[in-house]
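Architecture at a glance
Below are the chains, spelled out letter by letter.
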Amino acid sequence: MKKNLPITIILFVNLIYSQTKGTVLDSITQEPIPYVNIWVENENIGTTSNEAGEFVIKESLTDKTLIFSAIGFKTKKVNSMANIDKVHLSPEITELEEVLISNKLGKELIVGQFKESDIDLNMACWTKPWILARYFPYEEKFNETQFLKSIKIRTTSDIKDAKFNIRIYEKNENGEPGAFLYDKNIIGIAKKGKKLTEIDLSEYDIYFPKDGLFIAIEWLIIEENKYEFKVKWVETKKKEKKTSYEPAFGVIPSETGENSMIYISGKWQKIWKSRSPKKYKDKYGLLAMELTLTD
């Protein structure tokens, strides 16, 4: 019995330190898919594939369901016990509404304006690949400016050139983000420090639908976005190493959470109330996001 003890210990250690890793590929072209959002279903565990489509989930997984979500591809569920060295996603065929584009007159309209003084709180993901979405309802005044020209977001980053993804959705019958209005990644770059980051959308001809739309920011859990630091606890005086994935995004206080949703544990849910003091207490964090519409 004693002879088997070292083997048992080795197997136990291997189980503890085992990782789940693989590569996500396009099922048709066999090309790697970058920036795939990967979650363990119903758990707050996840990651993002890098530019080569590679991913690693450091937690040991036994008989769990992994959810793979990427812009322009069908969401796929895979059991963690299966062979996931290569995960193939099928392209999503999106039927976009036909839009007639007339001669542009250079008209513009700004929606969701905010002031720097409105923002006292930033939302960070730490190590989870959250997606935070804000709903913009359609208004009659948009009739002459029905295309998205740009998005401005307040970002705060502790590193240079932190990358994040923009997802743009229609609203589905449940009032949640549904089909994509643009089927490719739109990568934003947040400079170091506190900035107003602008993403140019003018080349994409993204139409503002009558049911409104969701614009979401997706944190990317990739090595380039990793920031490590130490915190000192007041009670114990001990320092602890922490990791976050940049950037953080400014939010403004809102009395209602109906226009804010977050993708977490592989599904969409309503944003929670803030526990922060002062003007955010018992209110909801709404993305500080400004849209410029054009004709």
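Residues numbered from 1 in each chain as written. Predicted model: local features only at pLDDT ≥ 70, side-chain atom pairs only at ≥ 80, totals over all residues. Heavy atoms only, no water.

**Brief notes about the sheet that holds strand β2 (residues 37-40)**
Stated formally: Two strands qualify as a pair provided DSSP detects at least 2 bridges between them. Strands are runs of DSSP state E lasting at least 2 residues, helices are runs of H or I lasting at least 4, and numbering of each runs from the N terminus. Here an angle of 0 to 180 degrees is reported between the N-to-C directions of two axes, which are lines fitted to C-alpha atoms, with helices fitted over the stretch in contact.
Pairing in this open sheet of 4 strands is antiparallel, and the strands run β3-β2-β5-β6 from one edge to the other. Each having just a single partner strand, β3 (46-48) and β6 (76-79) make up the two edges of the open sheet. Looking at each pair of strands side by side, their axes are set apart by 20° on average, direction ignored. Where β2 meets strand β5 (residues 65-69), 4 bridges bridge the pair, whose relative direction is antiparallel. Each bridged residue has a counterpart across the sheet, and for Trp39 the counterpart in β5 is Ile67.

**What to know about the pairing of strand β1 (residues 20-26)**
For the record, the criterion: Classification of residues uses two cut-offs on accessible area relative to the type maximum, computed with a 1.4 Å probe and protein chains only: under 20% is buried, over 50% is exposed, and between them is partly exposed.
Most of β1 sits inside the fold, with 5 of its 7 residues counted as buried. Here β1 pairs with strand β4 (residues 54-57) via 4 bridges, running antiparallel. Paired with Thr23 across the two strands is Glu54, which belongs to β4. In this structure, β1 lies alongside strand β7 (residues 86-89), joined through 4 bridges in parallel fashion. Across the sheet, Leu25 pairs through a bridge with His88, a residue of β7.

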